Each structure stands twice: as structure tokens, then as C-alpha cells.
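Understanding the architecture of this molecule
For reference, the chains in residue letters:
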Amino acid sequence: MNIEDAKRLDAADPLRSLRDLFTLPEGITYLDGNSLGALPRATPERIQRAVEQEWGQGLIKSWNTAGWIDLPRRLGDRLAPWLGARPGEVLVADSTSVNLYKVLHAALQLQQGKRKIVVSERSNFPTDNYIAQSVVRAHGGELILTESPEDIPPLLDERCAVLMLTHVNYRSGRMHDMALLTRWAHQAGALAVWDLAHSAGIVPIDLLGSAADFAVGCGYKYLNGGPGAPAFVWMHPRHEGQVWQPLTGWLGHANPFDFDSEYQPAPGIQQYQCGTPAVLAMTGLDTALDVYDAAQKLGGMKALRNKSLALTEAFIGGVEARVPGAVIATPRDSALRGSQVSFSLPKDGDDSIDGYAVMQALIHHGVIGDFRAGDPELLRFGFAPLYNGFADVSRAVSVLGEILDSRSWDAPQFTSRSKVT
Ligand SMILES: Cc1ncc(COP(=O)(O)O)c(C=O)c1O
């Protein structure tokens, strides 16, 4: 896609006004919103107000007067419609890893020790599988990891307690059919736990319609809550009141300000709160959700999804045309694609290309994606329809092409690795 075509598409984009709700550095093509979303323009002032007014002036009164104590539920209610859940069912708290620990324990308890196997994918994000390893250890169970999605159905048998999947794979960007896999899990007597880290706010999600059991996800990726923003957790209402989640902190108590010596779980999703909410981080996420309110008025998830698919399709086409050796890891079938595109570059012989160095060279030239080690090594580009446009696609492809043609990536400043890739 040439830049003139890209500009025409951007001019006709019904969501184009949303980009002005973000602060993005001049000259940067930011394609890493699947890792860390961009900064909403309103966030600095809002956090400053929370610090100076609510904390500085309001002091401890602000737990009530500024509604701090209600943030985990209020933010959960704001997120619920984007997850296919109802208000009152979602809680914003802790990290995705911690929330996964809570729900996996709960799911295994619901199986009452009769089934102890958790099935997931080897290509799942490591934290999911690491947490699952700890939880199955505690329950005397086993984690079975599949090599490909096609291997999942035969493992859904009478021993399977939980099918734990990330809806959109962090490496390939492949999206699972949540309703179908949940149904298969249920037919086998297993429960379905979904990680929505790469789905929330970017692909249509229907937790209730899929009859999923539990879900968790990140606030700092497509939701733009800021680095380390709190995560969310959802439980299907049919599981209410049956088991305790394992991190039985005081704010998950039915009456925390009674200061009872005995734990008594709060009803519903409130039990999944453990301790004191990170108010400033929650404030960042709260402000970021205002952008979603604006997106709702411009066509909501349907418009976001249409644009996301158009962007990723244009980028796949551009890479295929400009980088002949690239192997696209992301499904071309839009029903199977999240909102990122990943590809590998040739690794053998004289044509070998160091993908890490290519990404560093891209970043040096103002095109920011990221690199994921593994087999194959992948260059990842996330497309956020709230602030990315077709000009970003066009620029990323042309800069990539120039870097590869000139082999300018092959320089010590790009080949030496930093801690965060
Ligand atoms: C699928 C998935 N789950 C979880 C996480 C991160 O979890 P946490 O926020 O607890 O670090 C990531 C991070 O990229 C992820 O891709």
C-alpha cells in the first residue's frame, strides 16, 4: 500500500478522531499496543489530580469521598460490556498472573479432586503455564501442554479438570473459538479458563454467551491503562459462593470493616479482591476507559474490529510483497486472527537475518514493534485501531524493506541484546 492510498483510507476512517485522544511522539509509528498501550492524552492530568487533590488534600477521606474503595468494581463494570459480561461480574485487581492463580485454584476446587489435569498449549504465554504448574502441584495434578490447537480435543476426557487457554496467542496472534472450545470442555466435564490479555478491548468477546467459567486479562495492553496497570478477573455467576479463591485477603471478606477474626467470603466476584487496590494505577485505567466510551459512540467493537482486521490484512500483504523470505505466523483467515501480525525471517545460510537486530533497527528508525525469542524467532507488530492508521502500515512496511535491502540492521548497535526485548 503506497502512502497516498494509506492517507485516503485514513481520511475515510470513522474512528480517526480517536487518535487525538492519545499522546504519541512525533515521527513514531507505534505498533506495540499489544505489549504496552499508548498514553491517553487525559491520563497525566487525571493522575496528577488524584495525587494532588485526592491524596494531597483529601488524604484518607478520599477512600470514601473520591470513591477509591469502589474502583475495583466500578472499573470492572466499565469493562464488562467489552467482555460480554454484565456489570457486577468483573473485578479489576492485581496482575493477570495473580488473578490466574486465583481462578485456576478455584476451578480445580470446583472439580472436588475428581479431576486434576489442566490442559493448555506449550505456546501459551509463559506466566500462564508457570502459574498452572504451581497450581497443579498444590492439587497433586498435572499440566498437559499441546503442540498445536488440533491436539486439544482428544485431551478433553474424563480426567481433564480445566482447559486453560489464551484467547489470542501472544506469539502467532491466532485466535481460538472461545464458544466452541468451552462447549467441548464442558461436554467432557471440564471447566474453561480464558486469558484475554490479547483480546480485551480489541476483539469481540462473549464470556456469558460462550458460557465460559473464568477469565482474566491485562489492563496495560490494548486497554491503555499504563505500565503495570491492574488486571481484571471474571467468574461465571453459576460458580458464585461454591469455593474460596485461595488469596483470602481482607478486601475479599464479606464485611471487611467489621475486622472479624474469621474469614467469610464476600458474595460474587468481590471475593476475588485480595488487598488494597493500587489507586493511582486504577486511575490510569479509569481514564483510559474514557477512550472506549468515545469509541462506543463511533461504532464500538464492530468498528474497532473492522479497522483492526483491515490494518492487519494490509500489513500482511505489505510484508509479503516487500519481504520475500518472511514467513507469516499469523492466520490470514480473519476469523482466526487477533490484532497483531508476527513473522519470522530466514535463519539459514548466507541469507540469514537476525530478527532481533532488524527490530532494533526498526525502532531506531521510529517504527516500534517487538521481538519474541523462541522457535521460530518472531517479529511482532500490534495494531491498535484506536490510534493506528493505514499510514502506520505503509511506513512500517517501507522502513522494514529499506532496512532489509541495505542490511543496515547488521551493526553492533542493533545486534547486542537488551534485557527487555
Ligand atoms: C497472555 C498473557 N498473559 C499474561 C501476561 C502478563 O501477565 P502479568 O501482567 O501478570 O505480567 C501476558 C504479558 O504479555 C500475556 O501475554
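This text gives an overview of the structure that appears in the document.

About the thresholds
Residues numbered from 1 in each chain as written. Predicted model: local features only at pLDDT ≥ 70, side-chain atom pairs only at ≥ 80, totals over all residues. Heavy atoms only, no water. Helix = DSSP H or I, 4+ residues; strand = E, 2+ residues; numbered from the N terminus. Rg over C-alpha atoms; globule rule 2.2 N^0.38 Å. Buried < 20%, exposed > 50% of the residue type's maximum accessible area, 1.4 Å probe, protein only. Areas by Shrake-Rupley, 256 points an atom, 1.4 Å probe, with all protein chains shown as cover. Near = heavy atom within 4 Å. Polar contact = N/O pair within 3.5 Å; in protein donor to acceptor, adjacent residues only side chain to side chain. Nonpolar A, V, L, I, M, F, W, Y, C, P; charged D, E, K, R; others polar. Pairing = 2+ DSSP bridges. Axes fitted to C-alpha atoms, helices over the stretch in contact; angles between N-to-C directions. Contact = heavy atoms within 4.5 Å. Parallel < 35°, antiparallel > 145°, perpendicular 65-115°, else oblique. Left-handed = near helix turned anticlockwise from the far one by under 90°. Lys, Arg positive; Asp, Glu negative; His and termini not counted. Salt bridge = Lys/Arg side-chain N within 4 Å of Asp/Glu carboxyl O.

1. Some points on the overall build of the protein
Looking only at helices and strands, the protein has 14 helices and 15 strands in total. Since a compact globule built from 421 residues should have a radius of gyration of about 22 Å, the 22 Å found for the protein is in line with a globular shape. On the principal axes, the C-alpha backbone points of the protein span a range of 70 × 55 × 40 Å. When the 421 residues of the protein are sorted by exposure, 55% land in the buried category. Looking at the protein as shown, the accessible area adds up to about 17900 Å², and 53% of this sits on carbon and sulfur atoms.

2. Structural notes on the site of the ligand
As a structural note, the neighbourhood of the ligand is formed by 13 residues, with Ser97, Asp195, His198, Tyr220 and Lys221 the closest of them. Between an oxygen atom of the ligand and a main-chain N or O atom of Thr96, the distance comes to 3.4 Å. Between Asp195 and the ligand, the recorded distance is 2.7 Å, taken from a side-chain N or O atom to a nitrogen atom. Isolated, the ligand exposes 390 Å² of accessible area, and the fraction of that covered by the protein chains is 84%. Secondary-structure elements contributing two or more residues to the shell around the ligand are helix 5 (96-110) and helix 6 (126-139). Here the residues of the shell around the ligand sort into four nonpolar, six polar and three charged.

3. Here we look at the pairing of strand 4 (residues 90-93)
Here strand 4 shows no split at all, with Val90 and Val92 on one side and Leu91 and Ala93 on the other all buried. Judged from the four bridges that link them, strand 4 and strand 10 (residues 231-235) form a sheet pairing that is antiparallel. Its bridge partner being in strand 10, Val92 is matched across the sheet by Phe232.

4. A few points about the sheet that holds strand 6 (residues 142-146)
Reading across from one edge, 4-10-9-8-7-5-6 is the order of the seven strands in this open sheet, with mixed pairing throughout. Either end of the sheet is taken by a strand with one partner, and the two such strands are strand 4 and strand 6. Adjacent strand axes in the sheet meet at a mean angle of 20 degrees, parallel and antiparallel pairs treated alike. Where strand 7 (residues 160-166) and strand 8 (residues 191-195) come together, five bridges link them in parallel fashion. Counterpart to Met164 in the pairing with strand 8 is Val193. Its contacts with the sheet put helix 6 on strand 5 (117-121), strand 6, strand 7 and strand 8, and the angle it makes with strand 6 is roughly 150 degrees.

5. Quick look at the environment of Trp234
Counting through the fold element by element, Trp234 comes out in strand 10. Considering only alpha carbons, one finds Trp234 and Ala212, 22 residues apart in sequence, at a separation of 9.6 Å. Apart from residues no more than four positions distant in its own chain, Trp234 is found in contact with Ala85, Glu89, Val90, Leu207, Leu208, Ala212, Asp213, Phe214, Ala215 and Ile269. Reaching out from Trp234, the side chain makes a polar contact with the side chain of Glu89 at a distance of 3.0 Å.

6. A few points about the environment of Glu147
Inspection of the secondary structure assignment puts Glu147 in the loop between strand 6 and helix 7 (152-155). With relative accessibility at 56%, the residue Glu147 sits in the exposed group. When the C-alpha positions of Glu147 and Glu121 are compared, they lie 6.3 Å apart, and in sequence the two are 26 residues distant. Side chain to side chain, Glu147 and Arg122 meet in a polar contact 2.7 Å long.

7. With respect to the sheet that holds strand 11 (residues 327-328)
Strand order in the open sheet made by the four strands is 11-12-15-14, with antiparallel pairing throughout. Sheet topology places strand 11 and strand 14 (370-372) at the edges, where each strand pairs with a single neighbour. Contacting strand 14 and strand 15 (378-382), helix 12 (residues 355-364) crosses the sheet at an angle of about 35 degrees to strand 15.

8. A closer look at the packing of helix 12 against helix 13 (residues 390-406)
Axis angle and axis distance: for two packed helices, these are the angle between their axes and the distance between the axes, and together they describe the pair. Between helix 12 and helix 13, whose axes approach to 10 Å, the crossing angle comes to 125 degrees. On the basis of the axis angle, helix 12 is oblique to helix 13. As for how helix 12 packs across helix 13, the hand of that crossing is right-handed. Counted together, Val358, Ala361 and Leu362 of helix 12 and Ala396, Val399, Leu400, Ile403 and Leu404 of helix 13 form the full contact between these two elements. When its residues are assigned to classes, the contact of helix 12 with helix 13 shows eight nonpolar, no polar and no charged.

9. Considerations on the packing of helix 11 (residues 300-322) against helix 13
The contact between helix 11 and helix 13 brings their axes to 9 Å, and the two run at 20 degrees. It follows that helix 11 is roughly parallel to helix 13 by the angle criterion. Handedness of the helix 11/helix 13 crossing: right-handed. Contacts between helix 11 and helix 13 involve Ala310, Leu311, Ala314, Phe315, Gly318, Val319 and Arg322 on the former and, on the latter, Phe390, Val393, Ala396, Val397, Leu400, Gly401, Glu402 and Asp405.

10. So, the side chain of Lys221
Mapped onto the secondary structure, Lys221 falls in the loop between strand 9 (214-217) and strand 10. Of the side chains bearing the opposite charge, Asp370 lies closest to the buried Lys221, which forms no salt bridge; the N-O distance is 7.5 Å. Ignoring anything within four residues of it in the chain, the contact list for Lys221 reads Gly33, Asn34, Ser35, Leu36, Gly37, Ala197 and His198.

11. Points about the side chain of Thr312
Within the secondary structure, Thr312 sits in helix 11. Relative accessible area serves as the criterion here: at 0%, Thr312 is assigned to the buried category. Dropping the residues within four chain positions of it, Thr312 is found in contact with Arg337, Ser339, Gln340, Val341 and Phe383.

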